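Per-entry structural report
Take a look at the letters that make up each chain.
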Amino acid sequence: MVSKADRLKTTIGDLCMASPVIIASGVWPYDEKMWNSDLLEGVGAVCTKAVTTRPRIGNPGIRLWETPSGMLNSIGLQNTGVESFLRDYLPGLSNVELPFILNVAAESEEDIISTLSSLEQVSDRIPCVELNISCPNVDDGGMLWGKLPEGAEKAVGTARSVWKGPLWVKLTPQAFDIAEIGVAAQEAGADALVASNTWLGMDIDIIRSEPVFQRTFAGLSGPAVFPLALRVVWELCSAVSIPVIGCGGVTSARDCLAMIMAGATAVETGTALLTDLNSPLKICRGIEEFLDSRSFEFLKDIRGIARKRA
Amino acid sequence: MGDFSGRVRSVRKISEEIFCLEIDCEEISENAQPGQFVMLRFPEISDPLLGRPLAVAGISGSAFDVIFRIVGRMTKMLSECTPGQSLVVRGPEGRPFGEPSAKKTFLVAGTLGAAPLIYACKSFSKQQEFEFVLGVPDRTWASYCEWLTEVSGVAIEVFSEDGFLGQNGNVLQGLPERLEKDEEIWACGSEKMLSAICGKYPKDSDRILVSLEKRMACGYGGCMGCVIDTVYGKKRVCVDGPIFRGSEVCWNGL
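Residues numbered from 1 in each chain as written. Chains lettered and ligands numbered in written order. Predicted model: local features only at pLDDT ≥ 70, side-chain atom pairs only at ≥ 80, totals over all residues.

1. Re the overall build of chain B
- When its secondary structure is counted, chain B shows 5 helices and 16 strands.
- For 254 residues, the compact-globule estimate of 2.2 N^0.38 gives 18 Å, and the C-alpha radius of gyration of chain B, at 17 Å, lies within 12% of that figure.
- Principal-axis analysis of the C-alpha atoms gives chain B an extent of 50 × 40 × 35 Å.
- Scored against the burial criterion, the 254 residues of chain B give a buried share of 52%.
- Taking the intrachain contacts of chain B between residues at least 6 apart in sequence as the baseline, contacts between residues at least 24 apart amount to 65%. (Helix = DSSP H or I, 4+ residues; strand = E, 2+ residues; numbered from the N terminus. Rg over C-alpha atoms; globule rule 2.2 N^0.38 Å. Buried ≥ 20, exposed ≤ 12 C-beta atoms within 10 Å, placed from the backbone. Contact = placed C-beta atoms within 7 Å.)

2. Looking at the overall build of chain A
- Summing up its helical and strand segments, chain A has 9 helices and 18 strands in all.
- Relative to the globule expectation of 19 Å for 310 residues, the C-alpha radius of gyration of chain A, 19 Å, shows essentially globular dimensions.
- A principal-axis box enclosing the C-alpha atoms of chain A has dimensions of 55 × 50 × 40 Å.
- Sorting the 310 residues of chain A into buried and exposed places 52% on the buried side.
- Look at the contacts in chain A between residues 6 or more apart in sequence, and 71% of them connect residues 24 or more apart.

3. Describing the interface of chain B and chain A
- Contact residues are listed per partner, giving 22 residues for chain B and 27 residues for chain A.
- By residue class, the composition of the side of chain B that touches chain A is 11 nonpolar, 6 polar and 5 charged. (Nonpolar A, V, L, I, M, F, W, Y, C, P; charged D, E, K, R; others polar.)

4. Quick word on helix α4 (residues 149–162) of chain A
- Relative to the 20 Å expected for 14 residues at 1.5 Å per residue, α4 of chain A spans 20 Å between its end C-alpha atoms, a close match to the ideal helical length.
- Here α4 of chain A has its buried residues at P149, G151, A152, K154, A155, V156, T158 and A159 of chain A. (Expected span 1.5 Å × (residues − 1).)

5. A short note on the nonpolar core
- Counting 184 residues, the largest nonpolar core has V169, L193, A195, V233 and I245 of chain A as the members making the most contacts within it.
- Of all the elements, helix α6 (residues 226–239) of chain A adds the most residues to this core, at 8 residues.
- Both domains that meet at this core, namely domain 1 (2–93) and domain 2 (104–211) of chain B, each give it at least three residues.
- In contact with A195 of chain A, other than residues within four places in its own chain, are L171, I178, A229, V232, V233, L236, V244, G246 and C247 of chain A. (Core = buried A, V, L, I, M, F, W, Y, C linked by C-beta atoms within 7 Å. Domains from an automatic or database assignment.)

6. Details of the domain arrangement of chain B
Residue and element names in this part refer to chain B.
- Domain boundaries in chain B define domain 1 (2–93) and domain 2 (104–211).
- In this complex, domain 1 contributes 12 residues to the contact, which on the side of domain 2 involves 14 residues.
- For the side of domain 1 that touches domain 2, the leading source of residues is strand β6 (residues 63–69), giving 3 residues.
- Split by residue class, the side of domain 1 that touches domain 2 holds 8 nonpolar, 3 polar and 1 charged.

7. Points about the sheet that holds strand β8 (residues 104–110) of chain B
Residue and element names in this part refer to chain B.
- Strand order in the open sheet formed by 7 strands is β11-β10-β9-β8-β12-β13-β16, with mixed pairing between adjacent strands. Every other strand in the sheet has two partners, leaving β11 (167–168) and β16 (243–245) as the edge strands with one partner each.
- Sheet topology places strand β13 (residues 208–211) next to β16; 3 bridges connect them, and they run antiparallel. Bridged to V210 within β16 is F244. (Pairing = 2+ DSSP bridges.)

8. Some words on the sheet that holds strand β2 (residues 18–24) of chain B
Residues and elements named next belong to chain B.
- An order of β4-β3-β7-β1-β2-β6-β5 is seen for the 7 strands of this open sheet, with the pairing classed as antiparallel. Edge positions in the open sheet fall to β4 (52–55) and β5 (58–60), since each of these has one partner strand only. In this sheet, adjacent strand axes meet at a mean angle of 40° when their direction is disregarded.
- This element, helix α3 (residues 114–124), spans β4, β5 and β6 of the sheet and lies at about 55° to β5. (Axes fitted to C-alpha atoms, helices over the stretch in contact; angles between N-to-C directions.)

9. A closer look at unusual backbone geometry
- Note the cis peptide between A195 of chain A and S196 of chain A, where omega equals 5°.
- Looking at where S196 of chain A falls in the secondary structure, it is placed in the loop between β12 (192–195) and β13 (199–201).
- Cis rather than trans, the peptide bond between D47 of chain B and P48 of chain B has omega equal to 5°.
- We note that S209 of chain A has phi near 50°; this positive angle belongs to a residue other than glycine.
- Along the polypeptide, S209 of chain A turns up in the loop between β14 (204–205) and β15 (210–211).
- With 7 C-beta atoms counted inside 10 Å, the residue S209 of chain A sits in the exposed group.

10. Brief notes about helix α7 (residues 253–261) of chain A
All names here are of chain A.
- Among the residues of α7, those classed as buried are D255, C256, L257, A258, M259 and I260.
- Where α7 is buried, its residues touch β3 (21–23), α6, β17 (244–247), β18 (266–269) and α9 (279–293).
- Positive phi shows up at G263, right after α7, with a value of about 125°.

11. Concerning the packing of α3 of chain B against helix α4 (residues 142–152) of chain B
Residue and element names in this part refer to chain B.
- For the pair α3 and α4, the least separation of the axes is 10 Å and the interaxial angle reads 25°. Put simply, α3 runs roughly parallel to α4. The segment α3 lies against α4, with A114, I118, C121 and K122 engaging L148, V151 and S152.
- Of the residues assigned to the contact of α3 with α4, the class counts are 5 nonpolar, 1 polar and 1 charged. (Parallel < 35°, antiparallel > 145°, perpendicular 65-115°, else oblique.)

12. Structural notes on the pairing of β12 of chain A
All names here are of chain A.
- With burial as the criterion, each face of β12 is covered, one bearing A192 and V194 and the other bearing L193 and A195.
- Taken together, the 3 bridges between strand β11 (residues 167–170) and β12 define a ladder with parallel strand orientation. By the bridge assignment for β12, W168 is matched with A192.
- Relative to β17, β12 is paired through 3 bridges, and the arrangement is parallel. In the strand pairing of β17, V194 is matched with I245.

13. Some points on the pairing of β2 of chain B
Residue and element names in this part refer to chain B.
- β2 sits mainly inside the fold: 6 of its 7 residues count as buried.
- In this sheet, β2 lies alongside strand β1 (residues 2–13) in antiparallel orientation, the contact comprising 6 bridges. From the neighbouring strand, K13 faces β2, where its bridge partner is F19.
- Hairpin connection of β1 to β2: 4 residues between the antiparallel strands.

14. Quick notes on the packing of α7 of chain A against α9 of chain A
Residue and element names in this part refer to chain A.
- Where α7 contacts α9, the axes come no closer than 8 Å and their chain directions differ by 65°. Like other packed secondary-structure pairs, α7 and α9 cross with a definite hand, here right-handed. On α9, the residues touching A253, C256 and L257 of α7 are K282, I283, G286, I287 and F290.
- For the contact of α7 with α9, the class distribution of residues is 6 nonpolar, 1 polar and 1 charged. (Left-handed = near helix turned anticlockwise from the far one by under 90°.)

Written out as structure tokens, the structure reads:
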């Protein structure tokens, strides 16, 4: 008999997780009380909020806006910078049993080198880095790193030259051709791909007759984007050989199973936590029930099974 | 703090637009302190998606109260709840007012800002001298004023902009010229009202506790959607607040 604990065990490179449900970057704070095990039941790992070279105060104006079965956000990567992370937050995270994945955002090659060099010095305490290539690269006129393969290759190659530990790359759905970007990131040394980030959208406040957000565009997440994210995962899994982590609107066990059947190894979930702190545990229980009902032993046994027809 | 299941015990229609929901949920009724809030949403429904932050307005047995006005789809749906309806309750969230530290406390509310103050009033009235001041726009708030007097158990000094209810004017007129050393203010209402109160006592705004309100997604400090500027930098209203000292808040930046 397989122990229950092993059925959902998920391994990506050297990173072993008890469950395939990873908390996506942007929704989990460093506050100590949020890292007690009760709240994180069912969670395999937690991605930190994005860390940048220098502190960022984030965006002014409205930062959140609800949409049909989704939400737009324009937070602007507010964070206290990598130095503060190492001093103020890393010691706390090091006491937590659950692995964390450090999300890193950078606006230039210099920033990538600077942030990751600082992290490389304490690499034994950082289980994994997730490089966010959805942000603009100022060296390239503000073009998103992940929009074209050349940008993705540059970002990932630069990161790889400095950071020797596990490196995940979080792609942007604003890419012209996501499969091409995935291949470029893989060739530049990514260990896994996270597909993907929020979709750019906007809304207009018709009473004030102006865009809701000061930066006009904002990132769409939540159940509304799930079918878009699933398609991205499907396309990527046809193109790359490294593990793909499905991210976008995953809310239920059903969504998670669909991602795995499309070829994903694990999922990241963000907006689902905003609405239901128990969702990781519910997802795990739902997956176990599904495996039982279909007589599958392990979650990994269903990875990619929907691709038979493809 | 966590997500718990709650059940509507009663729905009271205070006026055409204002409602009080009494919700059974022991995790909240046993732990919520005055000034804290909950996030309410409907289970298994993705539209509306996010919980709505509402101050705890009172506790009775295993239930707690919230009051709200219909301003959008979610509050309309909440107003249509019937007893027995299940809700998801996140909380209790945020920093509470704490114990009153002065001899006398002015409780100052702008319309529905009375919610956390009624709870404070009921919790501390045995040990504390309170003076309750309420501001409302016009005569349509009459039944709300009556309801508030009934549930708070204290006399409420009302100011209305049309002069129909209580005295003509705003809450500032119900406050003393100077704040004495053994007096403090707890206030909840619009940013404009809170800023004006702090502006009235520029040297004593450290003795004014304000309860702020912002658009929120998580309510637990994760998303950074509800930050404000303070003299200590950006602070999250949901966990660093919603109660702040008036002297901490950069009122121009709100």
